[in-house]
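Fold and geometry: a report
As a plain string of letters, each chain reads:
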Amino acid sequence: MVARLGRRRAPCFSEGKVCLCVSSVPLLTGRVPRMPGMVIFGRRWAIASDDFVFPGAFELFIRMIWWIGILVLYSIHKGRFNCTGGGLLHSYLLVLLILLAAIICAVSAIVYISMQGTISNPGPRKSLPKLLYTRLGLYIPELVWAVVGAIWVSDTDVRCERTVVNAVFGTVVASWVIIIFTVIAVVIVFDPLGGKKTLYLADDINRNLESSQSGQLFYNVKKTATRVWETRIRLLCCCIMQDDDHRVAFTSIAELFRIYFSDTDMVPTDIAAGLTLLHQEQDKVENCPKDPEEVLCHSSLSHVTDDLDIELENAAHYMQFAAAAYGWPYYIYTNPFTALCKLNGDCCRNSPTDSDMVGSDRLNFHFGSILKITGLQYRDFIHISFHNKIFEIPFFVALDHKKEAIVVAVRGTLSFEDLLTDLSAECEDLVLEDVLENGFVHKGITQAANYIYRRLINDGILNQAFTIAPEYKLVIVGHSLGGGTASILAIMLRNSFPTLRCYAFSPPGGLLSKSLADYSKCFIVSVIVGKDLVARLSMPSMEDLKRRIVRIVANCNRPKYQILLYGCWYEVFGGDPDNFPTELDGRNQDALTQPLLAEQSLMMHRSPSYNALEDESPLNSPPQYPHLYLPGKIIHIVEEASSRRWCSSDVKYTARWSKETAFSNILISPKMITDHMPDVVLKALNSLTEEKASCITCQIERDFHTNIV
């Protein structure tokens, strides 16, 4: 028996000119409309029925100009088709006018229908597949006529006016360009799992989910989905040599992606719309006036203590080592006009011996860049490794005489191998004798830390360093992937070197379990700038982001094209956040606890996209990933104010101690990527230390003048 849909009207609250309410959508009494991927030719595609507005409008614009041009050409030369080949030309232009008119009508209808409804309410667009069949059918005569035009243009016996020949040649080229781009678009939106999904959906609604046949179907689709993701990763990494470690990593990452995307039916444009809505919602919350108690609490947290000043000064110093580990790419990035000249002039003067260096460094560019960034001499380096493969990342060991420290600097993500290490985000146990029973850690980063640990201890690198400078302390630093690796390496070395310190700059958020994060607070300092995405990145935070995107797109009653248009304007030019209805827009709590259309669809169907295919991961289930946190004590640097001019920009920063729980959610911002960059982190730290130094200087001068008086 097919269940029916009931409608219930959600309460509305007027605010300005926008009625803030959930649009009247079918509430679940059985089966709900699927969102939002289209089913065409019996399979689901990675495109929604409201994704044809912009490409359709662009094609309509091109077709209209094309049609008008052909019409003008036909009108001017009407009655002058008596040249050799003129009869075929007359027929070609006349049929082309009719064909273009039919295409324009079909595309206009597609654009109009695609503009109707909302992301989670595709009902008004139910006729779109038929229009697409019509439009695709018109490609057949267009292809035939493109071939006819090509034959006519290539015929050497044609003696018509050169203007006409050139116009027809342009028409033929335009036809083939559009056909080729259409084929490319079809390949892009093709979903390899589309047939499996529709097969699952077409199954009887009252099927026995516990039957062996359904279980085998679930297993086959899961296996196919993992294989598809593994193929995509292999293609992405086709330029690197692949061994057993790579194959294991590919399978692990593919399984992770398959699980994450298995319970969502959103296409890429839905995600883009959700992200821009979340950004505007977040900005509205940040712009809201805060309660006096909240402001007072915030101010106390922002107070810069002496301890914080010391750590900021140390962090600014050691960030140079973390940035230097990137080698010449970072040096050229920060000195685009002078770097190559300086490296060419200086790099080859002092070349290290083979025993000091592991891995290739063509033209000595990496080492020369490290020398220039750190300001050290060649004799200050104990060991340099440029060796790079999956789970094995470059690092160097140097003597820092200014701080009397032996510095181990670990490089961050700079290659496909590093990216695979980042994405190997499964959890594994880290057992430390006499410290903790168990602690969960990021698997890929832990393997990278194990590699460096073996090099430092088994190869005697640290013994060599402490033989040269026995009174120095050990400091481990790194940025991004290097920061995460440095943190776990510091935990491994803590028993052997009780006085060691670690400075992790922008480390990944999903790194340590709570017990390990608490244990590391006495010797690790993490530095995070602004809304850095990587510092908030973990599987639970990604799950939370997915839930927020689903909720906000399901609650918004605007068409997708309007969301994207205003979102692009807002991201580029700024302004006030648009008042799109969301769950924060003045609704009562009862309305917020009602199931949302998208979530109902995901829970009941296990998502028409990948159809969950497993009972353990519905959207509203408890988190299936353990919570992992940032390491150590956390310094959060925030941009306080900026005065931008045409030729310069003055940015001021504030720093405060923060808790690891403050980074459990991903914040959407144009700076979520740039705040992670090593040059931005170094700039923020230098700005804070220079400001502190200037304040101290001003205070000394003030005290001096006071004493004179």
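Here the structure is a predicted model, which means the values were calculated and not measured. Each chain carries its own residue numbering, running from 1 in the direction its sequence is written. Side-chain atom pairs in this predicted model are given and counted only at pLDDT of 80 or more, local residue features only at pLDDT of at least 70, and totals for whole chains, interfaces and linings cover all residues. To get the side-chain values, all heavy atoms of the structure are used, and hydrogens and water are removed first.

**Overview of the side chain of serine 114**
Under the DSSP-based scheme used, a helix requires at least four consecutive residues in state H or I and a strand at least two consecutive residues in state E, with every element numbered from the N terminus. Here serine 114 shows up in helix H2 (residues 86–114). A distance of 3.2 Å separates a polar atom in the side chain of serine 114 from the backbone nitrogen of phenylalanine 52. Look past the residues within four positions of serine 114 in its chain and what remains in contact with it is Ser49, Asp50, Asp51, Phe52, Val53 and Arg125. Polar contact criterion, stated in full: a pair of N or O atoms within 3.5 Å, where within protein one must be able to donate a hydrogen and the other to accept it, and residues adjacent in sequence count only if both atoms are side-chain atoms. In what follows, residue pairs with any heavy atoms lying within 4.5 Å of each other are defined as contacts.

**Things to note about the pairing of strand S8 (residues 381–385)**
Note on classification: 1.4 Å probe, protein chains only; a residue is buried when its accessible area is under 20% of the maximum for its type, exposed when over 50%, partly exposed between these limits. Within S8, 5 of the 5 residues are buried, which leaves it mostly tucked inside the rest of the structure. In this description, strands pair whenever DSSP reports at least two bridges between them. Bridge count for strand S7 (residues 357–358) against S8 is 2 bridges, and the pairing is parallel. Within S8, the position partnered with methionine 357 by the bridge is isoleucine 384. When S8 meets strand S9 (residues 395–400), the two strands line up antiparallel, connected through 4 bridges.

**What about the nonpolar core?**
For our purposes a nonpolar core is just a set of buried Ala, Val, Leu, Ile, Met, Phe, Trp, Tyr and Cys residues, chained together by side-chain atoms within 4.5 Å. With 49 residues, the main nonpolar core has Tyr318, Phe381, Phe396, Val477, Phe505, Ile637 and Leu685 as its most contacted residues. If you tally residues by element for this core, the top one is helix H10 (residues 306–324), at 10 residues. Ignoring anything within four residues of it in the chain, the contact list for leucine 685 reads Leu312, Ala315, Ala316, Met319, Phe505, Val527 and Ile637.

**Concerning the packing of helix H15 (residues 443–458) against helix H17 (residues 481–493)**
As a packed pair, H15 and H17 sit with axes 8 Å apart at the nearest point and diverge in direction by 55 degrees. In terms of axis orientation, H15 runs oblique to H17. Crossing handedness for the pair H15 and H17: right-handed. For the pair H15 and H17, the contacting residues are Ile445, Thr446, Ala448, Ala449, Asn450, Ile452, Tyr453, Leu456 and Ile457 in the first and Leu481, Gly484, Thr485, Ile488, Leu489, Met492 and Leu493 in the second. Among the residues forming the contact of H15 with H17, the class breakdown is 12 nonpolar, 4 polar and no charged. Under this scheme, a helix contributes an axis fitted over its contacting stretch, all axes are lines through C-alpha atoms, and angles between N-to-C directions fall in the 0 to 180 degree range. For this classification, under 35 degrees means roughly parallel, over 145 means roughly antiparallel, 65 to 115 means roughly perpendicular, and everything else is oblique. By definition, any crossing whose near helix is turned counterclockwise from its far helix by less than a right angle is left-handed, and any crossing with a clockwise turn is right-handed. Amino acids outside the nonpolar list (Ala, Val, Leu, Ile, Met, Phe, Trp, Tyr, Cys, Pro) and the charged list (Asp, Glu, Lys, Arg) are all regarded as polar, and Gly is one of them.

**Here we look at the environment of tyrosine 378**
Relative to the elements of secondary structure, tyrosine 378 occurs in the loop between helix H13 (365–374) and S8. The class for tyrosine 378 is partly exposed, based on a relative accessible area of 26%. Residues tyrosine 378 and alanine 398, 20 residues apart in the sequence, show an inter-C-alpha distance of 9.3 Å.

**Some remarks on a nonpolar patch on the surface**
The patches reported here contain residues having more than 30% relative accessible area and no salt bridge. Joining distances are 9 Å for like charges and 5 Å for nonpolar side chains (Val, Leu, Ile, Met, Phe, Trp, Tyr). All accessible areas in this document rest on Shrake-Rupley with a 1.4 Å probe, and a residue is counted as covered only by the protein chains that are shown. When a carboxyl oxygen of Asp or Glu lies within 4 Å of a side-chain nitrogen of Lys or Arg, that pair is called a salt bridge. Among the surface-exposed residues, Leu143, Val147, Ile151, Phe169, Val173, Trp176, Val177, Ile180, Phe181, Ile184 and Ile188 lie close enough to one another that they form a single nonpolar patch of about 1000 Å² accessible area. Mapped by element, the contributors of at least two residues to the nonpolar patch are helix H3 (128–154) and helix H4 (162–189). By residue number, the principal contributor to the nonpolar patch is H4, which donates 8 residues. In this fold, valine 177 is placed in helix H4.

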